[in-house]
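Observations on the model geometry
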Amino acid sequence: MDTLDTGTLADHEVTGGRRRRPLRVVSAWAGALLLAGVSAVVGCRAAGSDGVTPVPQALAFLPWLLVPGGAGLALVALGRWRTGMVWGVAVLAVTGWYTQPYGDATTRPAGSIRAEFTVLTSNTEFGWATDGLIAAVRREKPGLVFVEECGFRCSDALAALPLSDYPYRDVVRQDGSAGSAILSRFPLRPVARIPSQMAMPGAVATIGGREVRIQLAHPMPPLPGNDTAWHQELGRVREFAKSARGGPVILAGDFNATQDHALFRSVLDEGALHDSARLTGQARAWSWPADRTTPLRTQIDHVLVSGDFKATSARFLTLGGTDHRALLVGLGLYGG
């Protein structure tokens, strides 16, 4: 039985006295196209680049590239294209390798424990999930609350929470997705915000006698064909992480990025930060989208901490009205 030449798919010469079957040629070509697409995205992942549209969007779902990669391998196998089969196996192997969690699996804080508390981060999608957020805050009683896309309804509801519960606050009251808020049971000292289209407030919190730099993250998403703002604003988050390196840091929010984005990994590396979900064995747990039934889900909501902390738990909470699951993380702060 004839096989496709390993050098080219365009060769339609007669081989062994018989012409190749059209189905095999079409199958090999279709498989090659699938493998080429997957190879482009995985190649950017391997090169440490986020590329341009559609690469950043595809990188968000990198583990799912095993599906078109597997389909591509099956098609080139059906087409009896030997080079394509080797290519397909290599693509699947490399993709599988990069599905491994990124970053250290644990932190090793020094000294004695100074405080134990929880951190909640939630994107309420224009404030539509305000009721669910308030219920979660009252139920879980987190020490720090980071809220993204906190519209007017959301900020008004947060203002109604008893000051005895959250006496320290930094609420950026804007409508739609631009509003954000930080609520704290610990004293806060204001600092400059990270410049952005959607507010990214920050502060210095006094926790267990230590000054902890806390920062909300909410850069623009990598919109198809217009991912420049995403690169710029996530780059500013990276610069913040780099500047805050050396002391206790909590950086939490909707990053619009996953561990498979080079920019997000650079935030971790530049700030010597650790992803709490990774530390608690949930590196591939999804947080978005939560408002529709789809297998294509990914984790873009994170709580990042410096090595002064030990992450003891991480839970993703479903709040009605938003396309994000909230993330509740238990932390222990250590120090001399």
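Use the structure listed above.
Here we summarise the structure given alongside this text. Here the structure is a predicted model, which is why all the values come from computation and not from measurement.

Our focus in this paragraph is the pattern of salt bridges. One pass over the structure, following the stated rule, counts eleven salt bridges. One salt bridge connects R45 with D260, and the closest N-O pair in it is separated by 3.5 Å. Here R45 is found in helix α1 (residues 22-47), whereas its partner D260 is found in the loop between β8 (249-254) and α8 (262-271), with 215 residues between them in sequence. Of the two residues, R45 and D260, both sit in the buried class. When the shortest N-O distance is used, the salt bridge between R238 and E239 registers 3.5 Å.

Turning our eyes to something else, we now look at the pairing of strand β12 (residues 326-335). When you tally the buried positions in β12, you get ten out of ten residues, the bulk of the element. Alternating residues of β12 divide into A326, L328, G330, G332 and Y334 and L327, V329, L331, L333 and G335, and every residue in both groups is buried. Summarising the sheet, strand β1 (residues 112-123) and β12 pair through nine bridges and their orientation is antiparallel. From the neighbouring strand, E116 faces β12, where its bridge partner is G332. Direction of pairing for strand β11 (residues 309-317) relative to β12: antiparallel, over a ladder of eight bridges. Within β12, the position partnered with S313 by the bridge is G330.

Turning next to the packing of aromatic side chains. The way to describe two aromatic rings as a pair is by their centre distance and the angle between their planes. Applying the stated criterion to the full structure yields six aromatic pairs. When the ring of W81 is compared with that of W87, the centres are 6.2 Å apart and the planes differ by 90°; the resulting orientation is edge-to-face. Chaining the aromatic ring pairs together yields one cluster made of F117, F186 and F309. Between R185 and the ring centre of Y166, over which it is positioned, the NZ or CZ distance is 4.5 Å. Seen from the ring of W286, R325 lies directly overhead, with NZ or CZ sitting 3.9 Å from the centre.

Below, the discussion takes up the environment of G37. Tracing the backbone shows G37 in helix α1. The spacing of G37 and S184 is 147 residues in sequence and 46 Å in space, taken between C-alpha atoms.

Among covalent bonds in proteins, the disulfide is the one between the sulfur atoms of two cysteines. Tallied over the full model, the rule gives one disulfide. Shown here is the disulfide that connects C150 with C154, its sulfur atoms set 2.1 Å apart. Between C150 and C154 the sulfur-sulfur dihedral comes to about -95°; the bridge is accordingly left-handed. Across this residue pair, the class does not change: C150 and C154 are buried.

About the criteria used
- Residues numbered from 1 in each chain as written.
- Predicted model: local features only at pLDDT ≥ 70, side-chain atom pairs only at ≥ 80, totals over all residues.
- Heavy atoms only, no water.
- Salt bridge = Lys/Arg side-chain N within 4 Å of Asp/Glu carboxyl O.
- Helix = DSSP H or I, 4+ residues; strand = E, 2+ residues; numbered from the N terminus.
- Buried < 20%, exposed > 50% of the residue type's maximum accessible area, 1.4 Å probe, protein only.
- Pairing = 2+ DSSP bridges.
- Phe/Tyr/Trp six-rings, centres within 6.5 Å; stacked < 30°, edge-to-face > 60°.
- Lys NZ or Arg CZ within 6 Å of the ring centre and 35° of its normal.
- Disulfide = S-S within 2.5 Å.

From the geometry alone we can't say anything about function, so treat these as descriptive.
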